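Observations on the three-dimensional arrangement
Each chain, letter by letter, is given below.
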Amino acid sequence: MAWSYEDDLREQISREKNLVEQTGGRLRFALAYPNFYRVGMSNLGIHIIYEILNGRRDTSCERFFLPEQSTTEKISRGNVPLLSMETQTPLNRFQVIGFAVSFEPDYFNVVKMLRLGKINPVASERTDFDPIIIAGGVCATFNPEPLAEIFDAFVIGEGEVIMPPLVDEIIFSEGLTRAERLEKLSHVSGIYVPRYPQKVSRQWLKDLDSYPAHTTIVTDNSEFNMYLVETARGCGRHCRFCMAGYCFRKPRNRSLDVLKEEISAAKVFGKKIGLMGAAISDYPQIDELCRFILGEKLQMSVASFRADSVTDELVKSLVSSGLKTLTIAPEVGSEKMRAVVNKGITEENVFTATELGIKAGIKNFRLYFMVGLPFEDLSDVEAIADLSARIKKLFDGRLTLSVNPFVPKPFTPFQWSPFASKKYLDEAFKILRGKLKSVRGTEIISESVRSSEIQTILARGDRQIGKIVAQSESLQEFRRNFKAAKLDEEIYLGEIPTEKNLPWDFLDQGFTKKYLLDELQRAAEFKTTPKCFKGCKRCGVCTGD
């Protein structure tokens, strides 16, 4: 029997349990994730937006994912367009296409999917008959400029607040020219339209309980194969390297009653409950939540936890749910660098978390570190090796160190800091491997320096970078196009003068550039900053309530 792309999609749909009622509205909205199905269906944002859009009587939302490589080749050879999951409709038949963009390397998949969908990836070359193409997600919120040549509009902030008025305006403006419609969209709060640039303020959801966030399409074919439930959003820890900690302030928790209700509803599926949030162990009632999940005869997993707030109850609950490897993120190894990054955990916290894991029966551990941070020297890298070796003495299992080059991100105190030189990073990894070579049961894994350089270029990119992204379907193609454009990498990799205008300065995240500069100065002086607290007005995001 001949291969059929449509049959593949129908088979995948038949294996899903879709909890969202399809209304069949007149506005056809394509919700696209620029990676494979198994990756996209592990992204809770896709589930949230899918439910919001299909909850409208005037909108019908269908999903698109990057096909697997073998399928992509067959589509290209057969000149078949990219099709939706739900009805196998070509991408270019939809009036609106919304991409959820969470990671810089996926920029190239956006270009690939548009081309597979028979849509010109260059926004300025599209006509009134082409779909309006929108980007949301983390990357859109912190720096849309590297994608500004591709997208007509960007969602700056959280979709629950922005999507309803955005869709309203799209429907109201039907019949107008493309330019007229985009001009109207530029006046929607939280929408950035590159054709009509202006200051845009990030929008965020004040009351999480008003929008419960959980899996809405149950499938076994996802990266984690869990039923996802969001416990909290935002983070107030002030880690100076973390863009999410700044762009998603303020920290907000869902009520325990709402979480219990969502988890009870998930029981029928018998899946492991995946608790989502910036730091699950920071949830005020985490022990009670753990007891409830296990009391419902369900297993659980967490997106992340912090070594300084992890509890014995949480670790025991994870182990009883089948956890084999406990992951801890010290990020750095020395006391000096702990002050620099301001993560707020001590060496004692790391050892305590390790001992809790050992006590609960954990055999293997994974530690996350960064090298090439601002104000770091090679003695700080040696401290990473020393800390890791001392931790390894506590247990007989395997210790995996995930060590990656630091990538400076927009809207953090380190946004002006340079990407470390290849010479320095090579020496740092040489030190780590040399010092830990004799520590049995230890391995080091890392991203390549070159991949991290490209991530930095994309994260801090501008319209010039955007022109190259719009031409590139892969990292390799981007490298070639960047070289052909004869741009200077050092502009994007080097230290940025603090007085220089930044590509993302037109976005208002709720805090000032002065606040970030003050935090950078505190890092240089090895001073820490306390985490968010009730009544705090330091950064300006909160009103003190």
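Residues numbered from 1 in each chain as written. Predicted model: local features only at pLDDT ≥ 70, side-chain atom pairs only at ≥ 80, totals over all residues. Heavy atoms only, no water.

Some details on the overall build of the chain
Put simply, the rule reads: Runs of E in the DSSP output that reach at least two residues are strands. Runs of H or I that reach at least four are helices, and both are numbered from the N terminus. For this measure, only C-alpha atoms enter the radius of gyration; the expected value for a globule follows 2.2 Å times N^0.38, where N is the number of residues. Remark: exposure states derive from per-residue accessible area (1.4 Å probe, protein chains only) relative to the maximum for the residue type, with buried under 20%, exposed over 50%, and partly exposed in between. Only heavy atoms matter for contacts: two residues are in contact if any of them lie within 4.5 Å across the pair. For the area figures, the Shrake-Rupley method with a 1.4 Å probe applies, and any residue is considered shielded solely by the protein chains shown. His is not counted, nor are the chain ends; Lys and Arg add positive charge and Asp and Glu add negative charge. A charged residue contributes its charge at one atom only: NZ of Lys, CZ of Arg, CG of Asp or CD of Glu.
A count of helices and strands for the chain gives 21 helices and 19 strands. Here the C-alpha atoms of the chain give a radius of gyration of 23 Å, agreeing with the 24 Å that 2.2 N^0.38 yields for 545 residues. Reported as C-alpha extents along the three principal axes, the dimensions of the chain are approximately 65 × 55 × 55 Å. Taking all 545 residues of the chain together, 57% fall into the buried category. The contacts in the chain between residues at least 6 apart in sequence include a share of 76% that link residues at least 24 apart. When the accessible surface of the chain is totalled, it reaches about 22,700 Å², and 50% of it is carbon and sulfur. Looking at charge distribution, the chain has the averaged site of its 74 positive side-chain charges lying 3 Å from that of its 72 negative ones.

Examining the sheet that holds strand S18 (residues 442-445)
What counts is decided by this rule: When DSSP finds at least two bridges between two strands, those strands are taken to pair. With axes taken as lines fitted to C-alpha atoms, and helix axes fitted only over the stretch in contact, angles between N-to-C directions fall between 0 and 180 degrees.
As summarised here, the arrangement of the four strands in space is S15-S16-S17-S18, forming an open sheet in which the pairing is parallel. This sheet does not close on itself; its edge strands, each paired only once, are strand S15 (325-331) and S18. Going from strand to strand, the sheet's axes swing by 20° on average, the running direction of each strand aside. Inspection of the sheet shows strand S16 (residues 364-371) paired to strand S17 (residues 399-405) by seven bridges, in the parallel sense. For Tyr 368, the partnering residue across the bridge sits in S17 and is Ser 402. Taken strand by strand, helix H16 (residues 422-436) contacts S16, S17 and S18, and its axis lies near 170° from that of S17.

Concerning the nonpolar core
Defined as follows: The set of buried Ala, Val, Leu, Ile, Met, Phe, Trp, Tyr and Cys residues whose side-chain atoms join them within 4.5 Å is what this entry labels a nonpolar core.
Grouped together as the largest cluster of nonpolar side chains are 173 residues, with contacts concentrated most on Phe 99, Phe 151 and Phe 478. Those residues within four positions of Phe 478 in sequence are excluded, and the remaining contacts are Phe 108, Ile 454, Ile 457, Leu 458, Ile 465, Ile 468, Val 469 and Ser 472.

Section: the packing of helix H12 (residues 312-320) against helix H14 (residues 347-360)
How we decide: Angle categories are assigned with fixed cut-offs, so that under 35 degrees is roughly parallel, over 145 is roughly antiparallel, 65 to 115 is roughly perpendicular, and the rest are oblique. Crossing handedness is read from the near helix: turned anticlockwise from the far helix by less than a right angle, it gives a left-handed crossing, and turned clockwise, a right-handed one. Only Asp, Glu, Lys and Arg are considered charged, only Ala, Val, Leu, Ile, Met, Phe, Trp, Tyr, Cys and Pro nonpolar, and every remaining residue, Gly among them, polar.
Viewed as axis vectors pointing N to C, H12 and H14 meet at an angle of 45°, and their least axial separation amounts to 9 Å. With respect to their mutual orientation, H12 and H14 come out oblique. The crossing of H12 and H14 is right-handed. Mapping the contact onto sequence places Asp 312, Val 315, Lys 316 and Val 319 in H12 and Leu 356, Gly 357, Lys 359 and Ala 360 in H14. Residues belonging to the contact of H12 with H14 are distributed by class as follows: four nonpolar, one polar and three charged.

Thoughts on the sheet that holds strand S2 (residues 27-33)
With respect to topology, six strands assemble into an open sheet ordered S3-S2-S4-S5-S6-S7, the strand pairing being mixed. In the strand order of this sheet, the two ends are held by strand S3 (59-65) and strand S7 (191-192), each with one partner. Relative to S7, strand S6 (residues 153-155) is paired through two bridges, and the arrangement is antiparallel. Looking at the pairing, Phe 154 lines up with Tyr 192 of S7. Contacts from helix H5 (residues 107-116) reach S2, S3, strand S4 (96-100) and strand S5 (132-136) within the one sheet, and its direction differs from that of S4 by about 155°.

Points about the packing of aromatic side chains
Describing an aromatic ring pair means giving the distance of the ring centres and the angle of the ring planes. What counts here: When two rings of Phe, Tyr or Trp (its six-membered ring) have centres within 6.5 Å they constitute a pair, described as stacked for plane angles under 30 degrees, edge-to-face for angles over 60, and tilted for the intermediate range.
Scanning the model with the defined rule gives 15 aromatic pairs in all. Plain terms: the ring middles of Tyr 246 and Phe 511 are 5.8 Å apart, the flat faces sit at 75° to each other, and that makes the pair edge-to-face. Taken as a pair, Tyr 246 in helix H9 (residues 243-247) and Phe 511 in the loop between strand S19 (507-508) and helix H21 (513-524) lie far apart in primary sequence, 265 residues in all. The same class applies to Tyr 246 as to Phe 511, namely buried. Between Phe 406 and Phe 414 the ring centres are 5.9 Å apart and the planes differ by 90°, which places this aromatic pair in the edge-to-face class.

Quick look at the environment of Ile 444
Mapped onto the fold, Ile 444 is located in strand S18. With near-sequence residues (within four places) excluded, Ile 444 lies in contact with Leu 401, Val 403, Leu 432, Arg 433 and Leu 436.

Quick notes on the pairing of S15
The element S15 is largely enclosed, with a buried count of five among its seven residues. Sheet analysis places S15 next to S16, joined by five bridges and oriented parallel. The residue bridging Thr 327 from the neighbouring strand is Arg 366, located in S16.

What to know about the pattern of salt bridges
Applicable threshold: Salt bridges are defined by distance alone: a side-chain nitrogen of Lys or Arg within 4 Å of a carboxyl oxygen of Asp or Glu.
Under the definition given, this model contains 43 salt bridges. When the shortest N-O distance is used, the salt bridge between Arg 56 and Asp 168 registers 2.5 Å. In this pair, Arg 56 sits in the loop between helix H3 (44-54) and S3 while Asp 168 sits in helix H7 (residues 159-172), placing the two residues 112 residues apart along the sequence. Residues Arg 233 and Glu 160 are paired through a salt bridge, measuring 2.9 Å at the closest nitrogen-oxygen approach. On the criterion of sequence distance, the pair formed by Arg 233 in strand S11 (residues 232-233) and Glu 160 in helix H7 is long-range, its members being 73 residues apart. The network of salt bridges with shared partners includes Glu 158, Glu 160, Glu 230, Arg 233, Arg 252 and Arg 254.

Comments concerning the pairing of strand S13 (residues 272-276)
Where strand S10 (residues 226-230) lies against S13, five bridges are found, and the strand directions are parallel. Looking at the pairing, Tyr 227 lines up with Ile 273 of S13. Pairing of S13 with strand S14 (residues 300-302), which is carried by three bridges, proceeds in the parallel orientation. Note on S14: the bridge partner recorded for Gly 274 is Ser 301.

Describing the environment of Ala 213
In this structure, Ala 213 sits in the loop between strand S8 (200-201) and strand S9 (217-218). Of the residues examined, Ala 213 reaches a relative accessible area of 0% and is grouped as buried. The sequence separation of Ala 213 and Glu 51 amounts to 162 residues, and the corresponding C-alpha distance is 9.6 Å. When sequence neighbours within four positions are dropped, the list of residues in contact with Ala 213 reads Leu 44, Ile 48, Leu 228, Val 229, Glu 230, Arg 254 and Glu 262.

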